[in-house]
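One-letter residues, chain by chain:
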Amino acid sequence: MSTQQSAQVATVWPILIMALGTFVLGLTEFSSMSMLPLIAESYTVAPSQAGNVISAYAIGVVIGAPLFMLLTNKTNRRTALILFVAMMFIGNGLSAIASSLPELIAYRVLSGLPHGAYFGTALLIAASMAPKGKRASYMSKVFAGLTIATIVGVPMATLIGQSMSWRVCMAIVAVLSLVTLVLIYYLVPSCPVKNPSKLREEFSVLKNKLVWSISGIIFVGFGGVFCIYTYLADTIINVTETPVITISIAMMMFGVGTTIGNLVISKLADHAPISTTGMALLCSIGISVMYVFAAGNIWWLYITVFLLGASVGLAAVIQSMLLDVSPKGHAMIGALVQCAFNTANAIGPMVGGAMLASGASFNEVGYASAMLFFGGFIMWALSYMQMRNRDPIPATC
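The text that follows walks through the structure, step by step, so that each part is easy to find.

What counts and how
- Residues numbered from 1 in each chain as written.
- Predicted model: local features only at pLDDT ≥ 70, side-chain atom pairs only at ≥ 80, totals over all residues.
- Heavy atoms only, no water.
- Phe/Tyr/Trp six-rings, centres within 6.5 Å; stacked < 30°, edge-to-face > 60°.
- Helix = DSSP H or I, 4+ residues; strand = E, 2+ residues; numbered from the N terminus.
- Buried < 20%, exposed > 50% of the residue type's maximum accessible area, 1.4 Å probe, protein only.
- Lys NZ or Arg CZ within 6 Å of the ring centre and 35° of its normal.
- Contact = heavy atoms within 4.5 Å.
- Axes fitted to C-alpha atoms, helices over the stretch in contact; angles between N-to-C directions.
- Parallel < 35°, antiparallel > 145°, perpendicular 65-115°, else oblique.
- Nonpolar A, V, L, I, M, F, W, Y, C, P; charged D, E, K, R; others polar.
- Patch = residues over 30% accessible without salt bridge, like charges linked within 9 Å, V, L, I, M, F, W, Y side chains within 5 Å.
- Areas by Shrake-Rupley, 256 points an atom, 1.4 Å probe, with all protein chains shown as cover.
- Salt bridge = Lys/Arg side-chain N within 4 Å of Asp/Glu carboxyl O.

What the rule picks out here adds up to 9 aromatic pairs. Centre to centre, the rings of Phe222 and Phe341 are 5.1 Å apart; their planes meet at 75 degrees, and the pair counts as edge-to-face. With Phe222 in the loop between helix H11 (209–221) and helix H12 (223–230) and Phe341 in helix H18 (residues 330–357), this residue pair connects regions lying 119 residues apart in the sequence. Judged on exposure class, the residue Phe222 and its partner Phe341 are both buried. Ring centres 5.4 Å apart and planes at 15 degrees place the aromatic pair Trp380 and Tyr384 in the stacked group. Here the residue Trp380 and the residue Tyr384 both occupy positions in helix H19 (residues 365–387), the gap between them amounting to 4 residues, near one helical turn. Clustering of aromatic rings is evident, with ring pairs tying together Phe377, Trp380 and Tyr384. Between the NZ or CZ atom of Arg78 and the centre of the ring of Tyr185, over which it lies, the distance is 5.9 Å. Against the face of Tyr138 rests Lys141, its NZ or CZ located 4.9 Å from the ring centre.

Here is the structure:
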């Protein structure tokens, strides 16, 4: 076995364990959406009030991502991961025993605080472990935990919540967080920050126009994913008019697409990240338009949703591109990416909702999604013009 092969084998367990952490985060974030009716019934409140639980988690992510990434920018990255997973354990454990809706909302903010910081730190560790030319694929393996959660974890959590209680699901997430903490402590190697940046250097990243144009691909373009995903169930009920069970199948198809897209796109991006991103965005525009017409047939809809999910595979690629153009400020980069995704998660449903309010049918949000992806492509074009003459910057731990 060559030295390079031995090094790759040594990284398998640490990568899998960090992926378990992203699985837990995907489980707690997405399963909450499917359990909103149960939460509303539990506290005898309207569904719109229960929806604040989702918003609370997103607020926690946006606050916690930059805050904790900056506070731990000189901390050993494994130690930082342990801290973040401990917060996941506490936040979800308290959520499971919340006695009122306001109390649950407060605990969901707490649960969301470590979300972005964990992702950012785990991806930086994966990047530091990767051999030359493999960084995007290594980062995608950590991100894969979240995509697998959308296929396996969320459907199982929904079933448990319906048959037992949403509180049991929160408790399971807490237990998995504790297991992840122990595994990180024993099996993830120490990763000291070799060249810690000062806070001034971290914030100087925000002066880089290229960082903003690349981040804009997420801020704008990824709103197209959430624009369709948010109203997928309504499309199936009101336009496709198939049994309710097909909603779960469609959600699973999205998760399968996300997982496969994450692996395939990252492999392509190892060799040509810029062109791969541009082509994926153009394909996503076509997929969004396809959604409008595919909604009349459930089988075509499954294919379209699968392809839409595959576009999420750009996530790790875009973060890798940001690391390339930023010699310093990697903590801020990790935070910025997480804030961008959560902003896109807000923009997409808002744009789709505005279109519905104007009289459009549910499947026609595909047009709004296409416009958002096109906006992301414009940001990519601006980035490409700036990046084509730049040399990659090696990643450091």
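On we go.
With that out of the way, let us pick up H12. Burial within H12 is extensive, with 7 of its 8 residues counted as buried. When we look at burial in H12, the residues that qualify are Gly223, Gly224, Val225, Phe226, Cys227, Ile228 and Tyr229.

Structurally, Ser177 can be placed in helix H9 (residues 166–187). Among residues more than four places away in sequence, those in contact with Ser177 are Val24, Val85, Met88 and Phe89.

Take the packing of helix H8 (residues 135–163) against H9 next. For the pair H8 and H9, interaxial distance at closest approach is 7 Å and the crossing angle is 135 degrees. As the angle between them shows, H8 and H9 are arranged oblique. Between H8, through Ala157, Ile160 and Gly161, and H9, the contact on the second element is made entirely by Trp166, Val168, Cys169 and Ile172. Classifying every residue of the contact of H8 with H9 gives 6 nonpolar, 1 polar and no charged.

Next up on the list: the side chain of Thr72. With respect to the helices and strands, the residue Thr72 is situated in the loop between helix H5 (52–71) and helix H6 (77–96). Apart from the residues lying within four places of it in its own chain, the contact partners of Thr72 are Ala80, Leu83 and Phe84.

Let us look at a nonpolar patch on the surface. On the surface, Val12, Trp13, Leu16, Val182, Tyr185, Tyr186 and Leu187 cluster together to form a nonpolar patch covering roughly 770 Å² of accessible area. Breaking the nonpolar patch down by element, the ones donating at least two residues are helix H2 (12–34) and H9. With 4 residues, H9 is the single largest residue contributor to the nonpolar patch. Position of Val12 relative to the elements: it lies in helix H2. With relative accessibility at 40%, the residue Val12 sits in the partly exposed group.

The residue Pro114 is located in helix H7 (residues 101–129) in this model. A C-alpha to C-alpha distance of 26 Å links Pro114 and Leu159, two positions 45 residues apart in sequence. Discounting residues that sit within four places of it in the chain, Pro114 has contacts with Phe84, Met87 and Met88.

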